[in-house]
Amino acid sequence: MADEAPFQFLHSEVIEYIYKSADSGEVENGRNITKLENMGLRVGQGLIERLTKDTARFKDELDIMKFICKDFWTCVFKKQIDNLRTNHQGIYVLQDNKFRLLSHLSAGKQYLEHAPKYLAFTCGLVRGALSNLGVKSIVTAEVSVMPACKFQVMIQKS
């Protein structure tokens, strides 16, 4: 639990740094979100390499998603995903009812417009982890009431 506070602080400071150092045009067209997502992508790639080095091969896509929800999420956020849903056609919804990177913001809808910048890094984290496991995907996040959020993973079939 002691390492949770520095991670949250670092995450907040990275967001502040990227937004303060950006031009006004970059803020408007979403380049900052892309920067944060790309940072998460690289971290996710490196982290999944370490976590899976002694793991047996995954049988299928669903096995990979279960690993992301249990082991990967526990490594990063110290808890498992609360709910995993799928339509068995390449779309998975990961629900976290108390997402740690949003918990320091007010609960409710007061700061809802700031949520995307706090979720971009995690979207990249999941996408990076999946890409290193051989799964090409698009990851988006949705928040209706903080600190709960849903991450939608759409698997890209090649």
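In the nomenclature of an unreviewed UniProt entry, the protein chain corresponds to Trafficking protein particle complex subunit 6B from the organism Amphiprion percula. In its Sequence similarities (unreviewed entry) section, the UniProt record describing the protein chain reads: "Belongs to the TRAPP small subunits family. BET3 subfamily." Entered under Function (unreviewed entry) in the UniProt record, the comment concerning the protein chain runs "Component of a transport protein particle (TRAPP) complex that may function in specific stages of inter-organelle traffic. Specifically involved in the early development of neural circuitry, likely by controlling the frequency and amplitude of intracellular calcium transients implicated in the regulation of neuron differentiation and survival."

(A) Highlighting the side chain of E37. Residue position: E37 is located in helix α3 (residues 31–52). Setting aside residues up to four positions removed in sequence, E37 forms contacts with A120, C123, G124, R127 and V139.

(B) Examining the packing of helix α1 (residues 4–21) against α3 more closely. Contact geometry of α1 with α3 gives a least axis separation of 10 Å together with a crossing angle of 140°. With respect to α3, the axis of α1 lies oblique. Crossing angle aside, the handedness with which α1 passes α3 is right-handed. Taking contact as the criterion, the partners of V14, I15, I18 and Y19 in α1 are, on α3, N32, I33, K35, L36 and M39. Grouping the constituent residues of the contact of α1 with α3 by class yields 7 nonpolar, 1 polar and 1 charged.

(C) Molecular detail of the sheet that holds strand β4 (residues 149–155). Strand order in this open sheet of 4 strands is β1-β2-β4-β3, and the pairing throughout is antiparallel. Sheet topology places β1 (83–86) and β3 (137–142) at the edges, where each strand pairs with a single neighbour. For this sheet the average axis-to-axis angle between neighbouring strands, irrespective of direction, equals 20°. The sheet contact formed by β1 and strand β2 (residues 91–96) spans 4 bridges and is antiparallel.

(D) Fine view of the pattern of salt bridges. A complete count under the given rule lists 4 salt bridges for this structure. In this structure, R127 engages E37 in a salt bridge whose closest nitrogen and oxygen atoms are separated by 3.4 Å. Here the residue R127 occupies a position in helix α5 (residues 115–132), and E37 occupies one in helix α3, the gap between them amounting to 90 residues. E61 is the partner of K157 in a salt bridge, and the nearest nitrogen-oxygen pair spans 3.0 Å. Placement of K157 in the segment after β4 and of E61 in helix α4 (residues 61–77) is noted, with a sequence separation of 96 residues between them. With relative accessibility at 60%, the residue K157 sits in the exposed group. Within the structure, one salt-bridge network assembled from shared partners comprises K79, D82 and D96.

(E) The arrangement of the environment of V76 in detail. Tracing the sequence through the fold places V76 in helix α4. You can call V76 buried: its relative accessible area is 15%. Look past the residues within four positions of V76 in its chain and what remains in contact with it is F7, L47 and L125.

(F) Spotlight on the pairing of β3. Alignment of β3 against β4, held across 6 bridges, turns out to be antiparallel. Among the inter-strand pairings, A141 is bridged to a residue of β4, identified as F151. Between β3 and β4, which pair antiparallel and follow one another directly, the connecting turn spans 6 residues.

(G) Structural detail: α5. If you check α5, its first and last C-alpha atoms are 27 Å apart, about what 18 residues at 1.5 Å a residue would give, namely 26 Å. Counted residue by residue, α5 has 14 buried out of 18 residues, so it is predominantly covered. Looking one or two places after α5, you find G134, whose phi comes out positive at around 85°.

What counts, and at which threshold
- Residues numbered from 1 in each chain as written.
- Predicted model: local features only at pLDDT ≥ 70, side-chain atom pairs only at ≥ 80, totals over all residues.
- Heavy atoms only, no water.
- UniProt positions renumbered as here; feature names shortened; annotations may be inferred.
- Helix = DSSP H or I, 4+ residues; strand = E, 2+ residues; numbered from the N terminus.
- Contact = heavy atoms within 4.5 Å.
- Axes fitted to C-alpha atoms, helices over the stretch in contact; angles between N-to-C directions.
- Parallel < 35°, antiparallel > 145°, perpendicular 65-115°, else oblique.
- Left-handed = near helix turned anticlockwise from the far one by under 90°.
- Nonpolar A, V, L, I, M, F, W, Y, C, P; charged D, E, K, R; others polar.
- Pairing = 2+ DSSP bridges.
- Salt bridge = Lys/Arg side-chain N within 4 Å of Asp/Glu carboxyl O.
- Buried < 20%, exposed > 50% of the residue type's maximum accessible area, 1.4 Å probe, protein only.
- Expected span 1.5 Å × (residues − 1).

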